[in-house]
Amino acid sequence: MAAGFSASGASAATAAQLRDEALAAAQCLEREASAARETNAARADQLQQEAALLKDAAAAQERVRAAADALSQARAQADALEAQAAALRERLRSDSDDDGRSTSSEAATLAHLHSQACAVQNVKYLIPIVLDLQSPHYSKWRGYLLLALGRYELKDHVLSDVSHPSDPHWQRMDCVVVSWIFNSISSELLDIIHAHDAVSARAAWLGIAEQFLGNRESRALLLDAEFRNLSQGDLTVDDYCRKMKGMADALTDLGEPVNDRTLVLNVLRGLNERFQFMTHIITRQRPFLSFADVRADLRLAELKMAPPSAAPTALLTAAPGKTTPAPSAAPPRPPATTPPTGGSSGTNSGANRGRHRRGGRNQGTHGSTSVPGGQQWPSFYNPWTGSIQMWPNPAPGGLRHSLTRPDTPPPHAMLAGTPPPGNPAAPPSPGAPLLPTPPTWAPWTP
């Protein structure tokens, strides 16, 4: 039993020893583990620091690269700016030279134009309108004068209030403009704007404008009423449109402009009955026609209208080989019962014998188909034989008296021509005297 107790005591001691060793080993392992953890933490911190350093280095390299790129771009821009500055300096140098040359050239041109203006002898070649107090052509006169002044670079003398009394050249040219104005207006208008002292071109210009544009409201009221009530009547298209356009221009000068559409409508309103059909045609056009187009259309319509019929001609001619119907003549008279010897059919036998000696004109008066000596009456087939009287009634008192009768009616138409093919002229009667062969030409030969 004692042996048993000793064996169990030894086992307990061994177990306690083993437990102590195990505890010691566990503590050792724990110390090693904690040391390893501390070492790993320190290594991790070191690695993190190294990674941060690497990141900072990469960022620094990127910044350096960006800075290098920016530096290169700045250098390029600096080079470009330097080139532009050099080009600008060169241009400024050339512009200054050109300005000097152009200024001298412009001055020479202006001096040449002013010398030409001083050499103008007759201003009517430049301003063909003489303006008077009753003239409706103020706007045209104004346009002609401004055109002439612009031609010689003298507009500032009438359009600008700035004067240069100390400049002798400017004063000389102002006198030229004043002479042009005075020579293009009437003496009555000159008496109104003329002053005892020397008048400037600007003062003369404003004085004339005051005469025609003063009391604008009253003038515009009267002129507008006349413009709205104007009608064509017996005027031609050109005269009617010219008058309408002149009124519109005068209203514009008075500060009441008339636009093109209103002018066209007023023209159409005043047309007479001959052109009323054009109103319906023009108003239906799209787009609406301008005044120039309407005037052209009205002029064309006027040209197409039939002119008044002309008086009938007194003589008709027929070409060889053509048959022309004879015009209507007076009704035939019955043949006179005259002896074959050609006696008088009136009461004056002596005058009739005189007429027989002239070729039997009196017989033609009474419509006889034969004349003394067998001479034939002029016909369509043989117009060269016989004679004809150009008045329808007998002329008492002889041929000479009848030619001077004031109450003689107009002659009848006569037809003259050559016989058609196949119809020869009628031969003369037997015993009739042979007449000379007529010439190949005649006043009525076509």
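It should be emphasised that the depicted structure is a prediction, and the values quoted were computed from it without experimental measurement. One numbering rule holds for all chains: residues counted from 1, following each sequence as written. Only residues with pLDDT of at least 70 are given local features in this predicted model, and only at 80 or more are side-chain atom pairs given and counted; all residues enter the totals for whole chains, interfaces and linings. To get the side-chain values, all heavy atoms of the structure are used, and hydrogens and water are removed first.

**A word on unusual backbone geometry**
Here's step 1: Residue Pro287 follows Arg286 across a cis peptide bond; omega there is 0°.
Here's step 2: Numbering of helices and strands runs from the N terminus, with a helix taken as a DSSP run of H or I at least four residues long and a strand as a DSSP run of E at least two residues long. The residue Pro287 is located in the loop between helix H10 (276-283) and helix H11 (291-304) in this model.
Here's step 3: A positive phi angle is found at Glu153, which is not glycine, with a value near 60°.
Here's step 4: Using a 1.4 Å probe on the protein chains alone, a residue whose accessible area is under 20% of its type maximum counts as buried, one over 50% counts as exposed, and one in between counts as partly exposed. A residue is classified by how much of its surface remains accessible, and Glu153, at 47% relative accessible area, is partly exposed.

**Details of the side chain of Asn266**
Here's step 1: On the secondary structure map, Asn266 appears in helix H9 (residues 260-269).
Here's step 2: Judged by relative accessible area, Asn266 falls into the buried class, the value being 4%.
Here's step 3: In the analysis that follows, any N or O atom pair within 3.5 Å is treated as a polar contact, provided that within protein one partner can donate a hydrogen and the other can accept it, and provided that, for residues neighboring in sequence, both atoms belong to side chains. Among the polar contacts made by the side chain of Asn266, one reaches the main-chain carbonyl oxygen of Phe227 at a distance of 2.7 Å.
Here's step 4: The contact criterion used is simple: two residues touch if any of their non-hydrogen atoms lie within 4.5 Å. Here Asn266 is in contact with Phe227, Arg228, Tyr240 and Met244, once residues within four sequence places are set aside.

**What to know about helix H2 (residues 138-151)**
Here's step 1: For a helix, the expected span equals 1.5 Å multiplied by the number of residues minus one. Between the first and last C-alpha of H2 there are 20 Å, a value that for 14 residues agrees with the 20 Å anticipated at 1.5 Å per step.
Here's step 2: Turning to H2, its buried residues are Tyr138, Trp141, Leu145, Leu146, Ala148 and Leu149. One face of H2 carries all of its buried residues, which in axial projection span an arc of 160°. Away from its buried face, by an angle of more than 90 degrees, H2 presents the exposed residues Leu147 and Arg151.
Here's step 3: Residues of H2 that are buried sit in contact with helix H3 (156-159), helix H4 (168-183), helix H6 (201-213) and helix H8 (237-253).
Here's step 4: Two residues or fewer after H2 comes Glu153, characterised by a positive phi angle close to 60°. Here the arc refers to the directions that run from the helix axis out to each C-beta atom.

**Regarding the packing of aromatic side chains**
Here's step 1: The rule is short: rings of Phe, Tyr and Trp, with Trp giving its six-membered ring, pair when the centres are within 6.5 Å, and they are stacked under 30 degrees, edge-to-face over 60, tilted in between. Applying the stated criterion across every chain yields a total of four aromatic pairs.
Here's step 2: Following the ring pairs from residue to residue traces out a cluster consisting of Tyr138, Trp141, Trp205 and Phe212.
Here's step 3: Charge over a ring is defined by NZ of Lys or CZ of Arg lying within 6 Å of the ring centre and within 35 degrees of the ring normal. The aromatic ring of Phe288 is capped on one face by Arg261, whose charged end is 4.6 Å from the ring centroid.

**Thoughts on the confidence of the model for the chain**
Here's step 1: By definition, pLDDT measures how confident the predictor is in each residue, and it falls between 0 and 100. Per-residue confidence for the chain gives a mean pLDDT of 75, with 65% of residues at or over 70.
Here's step 2: When pLDDT is averaged over each element of the chain, H9 comes out on top at 94 and helix H13 (residues 361-365) at the bottom at 42.
Here's step 3: Contacts of residues 334-375 to residues separated by more than four positions or lying in other chains number 58 contacts, the stretch itself having pLDDT below 50.
Here's step 4: Note on residues 432-436: pLDDT under 50 across the span, and eight contacts to partners over four residues away in sequence or across chains.

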